[in-house]
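Working through the structure, step by step
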Protein chains: 2
Amino acid sequence: MSKPFGPLPPEFAGQSGDLVIGGRSANDWVSEYGSPLFVYDPAIVAARVAVFRAAFPAVDLHYAIKANPWAPWLAAVAPLVDGLDVASGGELANALQVKPAAGISFAGPGKRDAELEAAITTCATLNVESAGEARRALAIGDRTGVTPRLAVRVNPDMELKGSGMKMGGRPSPFGIDAEQAGAVVREIVAAGAEWRGFHIFAGSQALDTTAIIDTQAATLALAARLADEAGKAPPLVNLGGGFGIPYFPGDTPVDVACVGEALSEALAARASILADSRFAIELGRWLVGESGVYLTQVVDRKESRGETFIVVDGGLHHQLAASGNFGTVVRRNYPVAVAHKMTADGAETVSVVGCLCTPLDRLADRVVLPHADVGDVIAIFLAGAYGLTASPTAFLGHPIAGQVIA
Amino acid sequence: MSKPFGPLPPEFAGQSGDLVIGGRSANDWVSEYGSPLFVYDPAIVAARVAVFRAAFPAVDLHYAIKANPWAPWLAAVAPLVDGLDVASGGELANALQVKPAAGISFAGPGKRDAELEAAITTCATLNVESAGEARRALAIGDRTGVTPRLAVRVNPDMELKGSGMKMGGRPSPFGIDAEQAGAVVREIVAAGAEWRGFHIFAGSQALDTTAIIDTQAATLALAARLADEAGKAPPLVNLGGGFGIPYFPGDTPVDVACVGEALSEALAARASILADSRFAIELGRWLVGESGVYLTQVVDRKESRGETFIVVDGGLHHQLAASGNFGTVVRRNYPVAVAHKMTADGAETVSVVGCLCTPLDRLADRVVLPHADVGDVIAIFLAGAYGLTASPTAFLGHPIAGQVIA
């Protein structure tokens, strides 16, 4: 009995014969750069950016670099976006290589003093996650003589419905509860820091267009209410992101044009205290997830008790999420293809397993694919976000995958 | 409402005041080597080895290095065991630094030709996982003029009941179905390779003593049957491993003495074709899992809507399994302590979260612990196996954890 796999990204779904990424066939890429290999196509990111710009003409676009922070990739994506959002001192240092500090903001719980100091002294925006962190940042500002640029990350009192990861409306390690945020802003302003505004992130990996629209409207209302409480207009409101991409059978994409239209209306009707504020949407997965393909060569084919296994030279050490072991409860199949048989009908039911000596390393479970032989290349799609850096690369001592920009 | 956490390993459960690892307090370790830090105590491994030797006087002890392959650690553990089991060319190279090839065996699906050749030319034992792999190995033997030392990994026709990961009795990427194993042995012998025996691994992380006893007996019977079919006595039978350790509330340790007694009886009554065979048990987690403690310092304390969060400078990028995101369906709490308050009664219900900007990064969920302040050290136990190398260390760009041998 076979199981379905998720939909291929639009750029690949219509292809026939050889899988082509950025003008070259998957087999070509592997011939030149070896296997396993991540190929990232910046043209796909540019296409997503164009969709965003058309939908949100008055909103800044930030890239959450945690989705794929590979330095050459970051250099390729940075010019396409207005800001970079980072989550550690390491990411901050990398972002500063490709973007002025004025376009960088740093969020994340548990920032060490050294990280706070790096953000403050480089003049990046620091999203404070607790009253305690705000006070540590102010103290570092005093000590270093540099005025901190502080935004307040808010743990909203509503959540993004239908999101894969809920991050609001409940107790949270992220942000300051909405109930206290106004007071923290007043404390920051009174201490003489530069207050940059609010960062309000209600969830991620949401595919429900209506839920995103409702959440953005609620976020805008919350920002206005908090600004009133703080007695000061926020220079910038980061509305969060949370646009998902379809991974699994039945998933459908977010209707971004529709979200943009609703947000334009909401912005047109916004409270007067937000009249001069800028707005940003922060995206990672939606921006780059579909641009990457993980290519891995077949090492062995074997039959065992009626099941056919395609054993590849890659595995969960490069693409943990595709194995169903990272933040998912039920294992489902990522979109997958035999790279030189894009039009061929499925001919057999196979499981694609990685080379790791653990039953967890299953990249596709009983999917129907065209026949694949030893040496053929298997493509696992949606490898552009939370791929290599979100995987245990040292596990079992195999070589790390290559990465290349198409 | 609080949730329980798992039992502390016996060496730590009885401690009072400061947590002491290898004669030094956890705070001392962190003062000298920084935070986050893995501390591994070889005395705990030596104690487990002593238990093993007493229980299995006639059985070789192999270490599955995937559990913790850190080179200095491997050098410390290698002298305590009879063999090292590796799962990649990378692990093979590391094992050869500390053990002669005669004591090394290499198992794992999807071995590339270069890995087969490395095993053959260094004279390590190669556990072949499919008929196709056996043929590739024989061809490499012909080409290089080195006689391959081949064992046959068997996908048994029974499984280890109650094991965390079932690996037998069903279609599997691991090993050759028992039904075909005899034929492959004959093929190997006919081709002039040195046949080393069987590797039969029915599951791992089992805590059910009776199930382990039954599985070992069944494995022994299967080895005898396959040897009869092959018409040749196996020099070595690797009986697998699968001894688990208690991670979660209610878990109890394997009664290893009892398993040893039963295996001694089974060996005494074994079929005559196995009369001159050696036997090995391959252990990773059971041998080293309890020897490691992950220490991480508190960066922030925050209250959010009635929940208290202890935010630490470590997280799932170092200890993925403790966050419940690696091979577990239901998230449960690993054993945890405030490192300098081992005797103190729990004073508050807290969640210990890592520094990663993702809701997945929760190391302990609503546990009752003594009060911990910023700067205090939190200890997460059972960090000796499948810790740092089984975690996405590059995720979000934080520094990698230190490691030290006590």
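Residues numbered from 1 in each chain as written. Chains lettered and ligands numbered in written order. Predicted model: local features only at pLDDT ≥ 70, side-chain atom pairs only at ≥ 80, totals over all residues. Heavy atoms only, no water.

As for the overall build of chain A
Along chain A, the regular secondary structure elements total 11 helices and 21 strands. If you line up chain A on its principal axes, its C-alpha atoms span 70 × 40 × 35 Å. Considering chain A as a whole, with its 406 residues, one finds that 61% of them fall into the buried category. A separation of at least 24 residues holds for 72% of the contacts in chain A among residues at least 6 apart in sequence. On chain A, roughly 13,200 Å² of surface is accessible, and the fraction owed to carbon and sulfur atoms is 54%. Distance from the positive charge centre (31 side chains) to the negative charge centre (42 side chains) of chain A: 4 Å. (Helix = DSSP H or I, 4+ residues; strand = E, 2+ residues; numbered from the N terminus. Buried < 20%, exposed > 50% of the residue type's maximum accessible area, 1.4 Å probe, protein only. Contact = heavy atoms within 4.5 Å. Areas by Shrake-Rupley, 256 points an atom, 1.4 Å probe, with all protein chains shown as cover. Lys, Arg positive; Asp, Glu negative; His and termini not counted. Charge placed at Lys NZ, Arg CZ, Asp CG, Glu CD.)

Some words on unusual backbone geometry
Trans is the prevailing form of peptide bonds, just as negative phi is the prevailing case for residues other than glycine. Omega for the peptide link from A:S35 to A:P36 comes to -5°, which places this bond in the cis form. By secondary structure assignment, the location of A:P36 is in the loop between α2 (26–33) and β3 (37–40). Look at B:C123: it is not a glycine, yet its phi comes out positive at around 70°. Along the chain, the position of B:C123 falls in the loop between α6 (113–121) and β7 (125–128).

Some points on the environment of A:A406
Residue and element names in this part refer to chain A. The residue A406 is located in the segment after β21 (402–405) in this model. The exposure class of A406 is partly exposed, given its relative accessible area of 30%. Remark: the alpha-carbon pair of A406 and D41, spanning 365 residues in sequence, is separated by 4.9 Å. Those residues in contact with A406 that sit more than four places away from it in its chain are I21, G22, W29, V39, Y40, D41 and P42.

Observations regarding the pairing of strand β4 (residues 60–64) of chain B
One face of the sheet, then the other: side chains in a regular strand alternate in exactly this way. Residues and elements named next belong to chain B. For β4, the tally of buried residues reaches 5 of 5 residues, placing the bulk of the element in the interior. The pairing of β4 with strand β14 (residues 278–283) spans 4 bridges and is parallel. Following the sheet pairing, H62 is matched in β14 by E282. Looking at chain direction, β4 and strand β5 (residues 83–86) are connected through 3 bridges and run parallel. Within the sheet, the bridge partner assigned to H62 lies in β5 and is G83. Where the polypeptide runs from β4 across helix α4 (residues 71–77) and back to β5, its parallel neighbour, the crossover connection is right-handed. (Pairing = 2+ DSSP bridges. Right-handed = clockwise from strand over helix to strand, strands pointing away.)

Side note on the packing of aromatic side chains
Residues and elements named next belong to chain A. Scanning the model with the defined rule gives 30 aromatic pairs over all chains in all. By way of ring pairs, the aromatic residues F38, Y40, W70, W73 and Y294 are connected into one cluster. Its end group placed over the ring of F106, K111 keeps NZ or CZ at 5.4 Å from the ring centre. (Phe/Tyr/Trp six-rings, centres within 6.5 Å; stacked < 30°, edge-to-face > 60°. Lys NZ or Arg CZ within 6 Å of the ring centre and 35° of its normal.)

Observations concerning the interface of chain B and chain A
Listed per partner, the contact involves 69 residues of chain B and 69 residues of chain A. Counting the surface lost from both chain B and chain A, the interface buries some 5,200 Å², and carbon and sulfur atoms represent 60% of this. When the area that chain B buries against chain A is broken down by residue, the three leading residues are B:R112, B:R305 and B:C357, summing to 15%. At the boundary of chain B and chain A, one finds 2 salt bridges. For A:E179, the salt bridge is made with B:R305, and the minimal N-O distance between the two is 2.9 Å. At the junction of chain B and chain A, the tally comes to 36 residue pairs in polar contact (both at pLDDT 80 or more). Of all the secondary-structure elements, those providing two or more residues to the side of chain B that touches chain A are α5 (89–96), α7 (131–144), β8 (149–155), β9 (163–166), α8 (178–190), β15 (292–304) and β16 (307–312) of chain B. (Buried area = accessible area lost by both parts, 1.4 Å probe. Salt bridge = Lys/Arg side-chain N within 4 Å of Asp/Glu carboxyl O. Polar contact = N/O pair within 3.5 Å; in protein donor to acceptor, adjacent residues only side chain to side chain.)

With respect to the relation of the copies chain B and chain A
When chain B is brought onto chain A, the operation consists of a screw motion whose angular component is 180° and whose axial shift is 0.0 Å, with 0.0 Å RMSD remaining. Such a combination of rotation and displacement between the chain copies is what one expects of a two-fold axis. Taking C-alpha positions as the reference, the residue of chain B nearest the rotation axis is B:P392, at 2.0 Å. (Least-squares fit on C-alpha atoms with pLDDT ≥ 70 in both.)

Considering the side chain of A:D361
Residues and elements named next belong to chain A. Tracing the chain through its elements places D361 in the loop between β18 (348–353) and β19 (362–369). The charged side chain of D361 is buried without a salt bridge, its nearest counter-charge being R331 at 8.3 Å. A polar atom in the side chain of D361 sits 3.3 Å from the backbone nitrogen of C355. Leaving out residues up to four positions away in the same chain, D361 has contacts with G314, G315, L316, V353, G354, C355 and L356.

Topic: a nonpolar patch on the surface
Side chains of A:V329, A:V330, B:V329 and B:V330 sit close together on the surface and give an oily, nonpolar patch of about 430 Å² of accessible area. Mapping A:V329 onto the fold places it in the loop between β16 (307–312) and β17 (336–338). Residue classification places A:V329 among the exposed positions, given a relative accessible area of 67%. (Patch = residues over 30% accessible without salt bridge, like charges linked within 9 Å, V, L, I, M, F, W, Y side chains within 5 Å.)

A short note on the pairing of strand β19 (residues 362–369) of chain B
All names here are of chain B. Burial analysis of β19 places 6 of its 8 residues in the buried class, the great majority of the element. Bridge count for strand β18 (residues 348–353) against β19 is 5 bridges, and the pairing is antiparallel. Counted as the bridge partner of V352 is A364 from β19.

Some details on the packing of helix α6 (residues 113–121) of chain A against helix α7 (residues 131–144) of chain A
All names here are of chain A. At a minimum axis distance of 10 Å, the contact between α6 and α7 shows a crossing angle of 60°. As far as their axial angle goes, α7 and α6 are oblique. Remark: the crossing between α6 and α7 carries right-handed chirality. Contact residues: D113, L116, E117, I120 and T121 in α6; E133, R136, A137, I140, G141, R143 and T144 in α7. Tallied by class, the residues present in the contact of α6 with α7 amount to 4 nonpolar, 3 polar and 5 charged. (Axes fitted to C-alpha atoms, helices over the stretch in contact; angles between N-to-C directions. Parallel < 35°, antiparallel > 145°, perpendicular 65-115°, else oblique. Left-handed = near helix turned anticlockwise from the far one by under 90°. Nonpolar A, V, L, I, M, F, W, Y, C, P; charged D, E, K, R; others polar.)

Details of the domain arrangement of chain A
Residue and element names in this part refer to chain A. Parsing chain A into structural domains produces domain 1 (10–40 + 290–405) and domain 2 (69–283). Look at where the C-alpha atoms of domain 1 and domain 2 centre, and you get two points 34 Å apart. Counting residues at the interface gives 12 residues for domain 1, matched by 10 residues for domain 2. Interface area for domain 1 against domain 2, summed over the two sides, is near 1,100 Å², with a carbon-plus-sulfur share of 72%. Together, R332, L382 and I405 form the three largest contributors to the area buried by domain 1 at its contact with domain 2, with a combined 38%. For the interface between domain 1 and domain 2, the tally reads 0 residue pairs in polar contact (both at pLDDT 80 or more). Counting residues per element, the side of domain 1 that touches domain 2 draws most heavily on β21, which supplies 3 residues. When grouped by side-chain class, the residues that make up the side of domain 1 that touches domain 2 number 6 nonpolar, 4 polar and 2 charged. (Domains from an automatic or database assignment.)

Structural notes on the pattern of salt bridges
All names here are of chain B. Summed over all chains, the structure comprises 44 salt bridges over all chains. Across the salt bridge formed by R278 and D60, the nearest N and O atoms sit 2.3 Å from each other. Of this pair, R278 sits in strand β14 while D60 sits in strand β4; the two residues are 218 residues apart in sequence, bridging distant segments of the chain. When its relative accessible area of 13% is taken as the criterion, D60 is described as buried.

Quick notes on α6(A)
Residues and elements named next belong to chain A. Taken as a whole, α6 has its buried residues at E115, L116, A119 and I120. Buried residues in α6, looked at end-on, bunch into an arc of 130°, giving them a common side. Tucked inside the fold, the buried residues of α6 contact α5 (89–96), β6 (104–106), β7 (125–128) and α7. (Arc of directions from axis to C-beta.)

Digging into α7(B)
All names here are of chain B. A rise of 1.5 Å per residue sets the reference length of α7, with its 14 residues, at 20 Å; its end C-alpha atoms lie 20 Å apart and thus fit the reference within 8%. All of the buried residues in α7 are E133, A134, R136, A137, L138, I140 and G141. Looking one or two residues beyond α7, the residue adopting positive phi is G145, at roughly 75°. (Expected span 1.5 Å × (residues − 1).)

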